[in-house]
Amino acid sequence: MTDALGAVAGAAGPPVRAADGLRLGWVRRLWPVLRPHRRSVVLSFGIALVALAIQVAVPTLVGTTIDRAVSTDESPLAPFLVALTVLALARGVLVVVYRYGLYRMAYRIEVDLRTMLFRHLSGMPFSFFDRVQTGQLLSRAQSDVRAVQLYLAVAPLIATSVVSFAVALVVMLATNVGLTIAAVVALPGVYVVGVVLRNRLFPLSWIIQGRQAEVATVVEESVAGVRVVQSFAAEGARMDAMALAARRLRWANVEQGLVRARWSPLLENLPRVGSMLVLAYGGWLVIDGRLDVGSIIAFNAYIVLLQVPFRFLGFFLILGQRARASAERILEVLDETPELTDPEHPVDLPAPEGRLELRDVWFGYGDGPDVLRGVDLVVEPGETVAVVGATGSGKSTLARLLCRFYDPRRGTVLLDGVDERDLALGAVRGAVVVVPDEPFLFSVPLRDNLAYGRTDVDDEELRAIAEAVDAHSFIEDLDAGYDTVVGERGYTLSGGQRQRVALGRALVVDPAVLVLDDATSAIDVQVEARIHGALRERRAGRTTVLIAHRLSTITLADRVVLLDDGRVVAEGTHAELLARVPRYGEILASGVGAA
Ligand SMILES: Nc1ncnc2c1ncn2[C@@H]1O[C@H](COP(=O)(O)OP(=O)(O)OP(=O)(O)O)[C@@H](O)[C@H]1O
Ligand SMILES: [Mg+2]
């Protein structure tokens, strides 16, 4: 629960370094993503400026029209009305075009960013995923990308409104300075209220987002864990948790409503103070004969135009800070270079034999203590070796080094006599496949789960493989057979069934070395022996490393290696070790199922 909530907090926390002003360095860093879109930005901006020119011209034109209408000479009005209509239509069309252009660009950039991030993440080594929280990654892929996208879409709109402000101001000053002052006098107030409103709403929107996630987590866990909940009769506690989460969300929502209710009317009515002043002072000027009626009308229209940048500048600044913080977090991920990289000139290993060797291998996770402390081990091609050790002794760790999920701190892991760091990663992963005890299956049909490593297998071969791992019969019994979707929101397989699918998935690749990390722990002893027989049949000379707790599994091996305290302490056949090494007997005795 804390993990899930931790992930939520990661997604909803305030930007880490939002406080140190607006700096545009990140825009430059993102330039490779923005570059392909620069043409549409310039084009949209140009169109926006034309639309803006029309927008500024219209109030003046309206004013002139009204002056014509109220004046005594009988000059025709029709041309003015036609002009106004045409301008209005033109502006409407232009606005649609440039907004569409901007949003399209922003969403395209979003796609590019997300793809880039995902491609980068897919290539990151295990050590990276050990270190970061999934929630953090999700947040970077979701809200951070969104924040950057929003800013990129909104920034040009705000920029045009600033330009429109400047142009309108010049036009107004040219008409009447006093009236201009009357019109703009309330605008700083609009800015201040706008900033206050955003400052109060923004933290609340973070809180709301986080609390919505809390509610979702409670619901999700209650549904996913319903069997646990019901078997411990804990429905009441779950209800309480739900009620609490709902109340917390309610508070935040009500608070947001309150802030809106308090400040929005002020924000909406402040510009009207300007209108009032324009009407009062302008009316007086008109009565005095120093101004046309049309100017008053035009000024009133300009006030609306003028307030836009004031209203949104505060919002824009916050958005900019968020976008920058988000961009920096995205860049932080992109700046992580994969620790495991292909060598510049990888050694070619066209047909790996499957000889494994570990020479004085030391390894620990991150900055943690050494887990493996000088492991020396040779597994000849075609050999089946069982690795036995107490829980936590580093057996799975050893398996992960064999297929180069990690590099050792010291020493070398060799495949067919070649340091694995001198081989292409893809070559290592194609030659050494590790099957874990709790395999992850994707929410796709069983056929696709099986064919995950090589999509070009035909149905016949797939069936043969499924038979080899004793999965064919249970798959046939499913309603949709090989088309059954498994995993979340799909058909639930038993632990043993999942393990069989995972074994099949590994066999499809037909690796030279198969490392089974407790991969048959949930499969019946007899079936396990049968599967091993079939595995051997499918590829003579395959090297197999069995990590096992069960005696039945261990006896399938030609040789047993005893791992203790991060080193190989004994090697030999099961019978030899049993006779010679007391520690071996102890570990077997404490092992889970000495079946
Ligand atoms: N990703 C990881 N990050 C940090 N430490 C880890 C990680 N995986 C394992 N460890 C630590 O490394 C040590 C060895 O773990 P490992 O999983 O290799 O043991 P094991 O022999 O496979 O145990 P078991 O028989 O229970 O599967 C343990 O102390 C464990 O806490
Ligand atoms: Mg393990």
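Just above sits the structure.
All residue numbers refer to positions counted from 1 along the written sequence of the respective chain. As they are written, the chains are lettered A onward and the ligands numbered 1 onward, keeping that order. The model is predicted, so local features are restricted to residues of pLDDT at least 70 and side-chain atom pairs to those at 80 or more, both for listing and for counting; the totals for chains, interfaces and linings are taken over all residues.

Engineer: Hey, could you run me through the site of ligand 1 in this one?
Structural biologist: Contact assignment follows one rule, namely that a residue is near a molecule or strand if its backbone-placed C-beta atom lies within 6 Å of it. Neighbouring residues of ligand 1: Asp-130, Tyr-365, Gly-368, Val-371, Gly-389, Thr-391, Gly-392, Ser-393, Gly-394, Lys-395, Ser-396 and Thr-397. If you tally residues by element for the shell around ligand 1, the top one is helix α13 (residues 395–402), at three residues. Split into classes, the residues belonging to the shell around ligand 1 amount to two nonpolar, eight polar and two charged. Secondary structure is summarised from DSSP: a helix means a run of H or I of at least four residues, a strand means a run of E of at least two, and numbering begins at the N terminus for each. Ten residue types, Ala, Val, Leu, Ile, Met, Phe, Trp, Tyr, Cys and Pro, are classed as nonpolar, four, Asp, Glu, Lys and Arg, as charged, and the remainder, Gly among them, as polar.

Engineer: Whenever I open this one, the packing of helix α5 (residues 78–122) against helix α12 (residues 293–335) confuses me. Can you help?
Structural biologist: Helix packing for two helices is described by the angle between their axes and how far apart those axes are. Convention adopted: a line fitted to C-alpha atoms gives each axis, helices being fitted over their contacting stretch, and angles between N-to-C directions are expressed from 0 to 180 degrees. Contact geometry of α5 with α12 gives a least axis separation of 9 Å together with a crossing angle of 35 degrees. You can see that α5 and α12 cross each other, and the crossing is left-handed. Mapping the contact onto sequence places Leu-113, Leu-117 and His-120 in α5 and Ile-330, Val-333 and Leu-334 in α12. In terms of residue class, the contact of α5 with α12 is made up of five nonpolar, one polar and no charged. Whether a crossing is left-handed or right-handed is set by the direction in which the near helix is turned from the far one by less than a right angle, anticlockwise for left-handed and clockwise for right-handed. It is the C-beta atoms, placed from the backbone, that decide contacts: two residues are in contact if theirs lie within 7 Å.

Engineer: Any chance you could explain the sheet that holds strand β4 (residues 410–415) here in plain terms?
Structural biologist: Across a sheet, paired strands are connected by hydrogen bonds in the backbone, their directions being either parallel or antiparallel. On the basis of which strands lie adjacent, the open sheet formed by four strands has the order β2-β1-β4-β5 and antiparallel pairing. A single partner strand is all that each edge strand has here, and the edge strands are β2 (372–379) and β5 (418–419). When strand β1 (residues 356–363) meets β4, the two strands line up antiparallel, connected through five bridges. The residue bridging Glu-357 from the neighbouring strand is Leu-414, located in β4. Strand pairing is assigned whenever DSSP detects at least two bridges linking the two strands.

Engineer: Could you clarify how one ought to interpret the sheet that holds strand β10 (residues 567–572) in this entry?
Structural biologist: Strand order in the open sheet made by the six strands is β6-β7-β8-β3-β9-β10, with mixed pairing throughout. One side of each edge strand has no neighbouring strand; the edge strands of this open sheet are β6 (432–435) and β10. Ignoring which end each strand starts from, the neighbouring axes of this sheet average 20 degrees apart. Judged from the five bridges that link them, strand β3 (residues 384–389) and strand β9 (residues 559–564) form a sheet pairing that is parallel. Paired with Val-385 across the two strands is Arg-559, which belongs to β9. Strands β6 and β7 (513–517) of the sheet are contacted by helix α18 (residues 495–509), whose axis makes an angle of about 175 degrees with β6. Contacts from helix α22 (residues 582–590) reach β3, β9 and β10, with the element oriented near 85 degrees to β9.

Purely geometric stuff here, so don't read any function into it on its own.
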